[in-house]
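Residues per chain, in single letters:
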Amino acid sequence: MNCELRDGVLHLSGDITVKTVQPAAYHRFCQLCRQNAAALDLSAVGRADSACLSLLLAALRANSGIALRSLPPAVSALAELYEVREWMPL
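Predicted, not measured: the structure shown is a model, and the values here were computed from it.

## Let's talk about the UniProt feature "domain: MlaB-like STAS" (unreviewed entry) in the protein
Piece 1. Under the present numbering, the feature "domain: MlaB-like STAS" (unreviewed entry) in UniProt falls on residues 10-83.
Piece 2. The distance from the first to the last C-alpha atom of residues 10-83 is 25 Å, and the span holds 45% helix and 27% strand.

## Here we look at the sheet that holds strand E2 (residues 9-16)
Either a parallel or an antiparallel arrangement is found when strands of a sheet pair, and the pairing is made through backbone hydrogen bonds.
Piece 1. A sheet is described by the order of its strands in space; here four strands give the open sequence E1-E2-E3-E4, paired in mixed fashion. With partners counted over all chains shown, the strands left at the sheet margins are strand E1 (2-6) and strand E4 (67-69), one partner each. Adjacent strand axes in the sheet meet at a mean angle of 20°, parallel and antiparallel pairs treated alike.
Piece 2. Direction of pairing for strand E3 (residues 39-48) relative to E4: parallel, over a ladder of three bridges. Among the inter-strand pairings, Ala39 is bridged to a residue of E4, identified as Ala67.
Piece 3. Along the sheet face, helix H2 (residues 50-62) touches E2, E3 and E4 and points at about 170° away from the line of E3.

What counts, and where the lines are drawn
Residues numbered from 1 in each chain as written. Predicted model: local features only at pLDDT ≥ 70, side-chain atom pairs only at ≥ 80, totals over all residues. Heavy atoms only, no water. UniProt positions renumbered as here; feature names shortened; annotations may be inferred. Helix = DSSP H or I, 4+ residues; strand = E, 2+ residues; numbered from the N terminus. Pairing = 2+ DSSP bridges. Axes fitted to C-alpha atoms, helices over the stretch in contact; angles between N-to-C directions. Contact = heavy atoms within 4.5 Å.

In structure tokens, the structure reads:
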């Protein structure tokens, strides 16, 4: 998992799974979410699972005004399954 803040948009890329999200990457992600990120772009995300959904919920806790872009279908399905889809501003 990679994350980079550019022009107020936090870009995520690579696979975001329970195997790829390491503690250091998670802390960096949370830190970047608090730096006035207006949106979270997931268009460059490869594989995604419940770890990705967890990251999105953490982003919303850190920055309730952040918008989500290009939500991977697997994450959208998990959000529906866990009944948290309405919490996600798209």
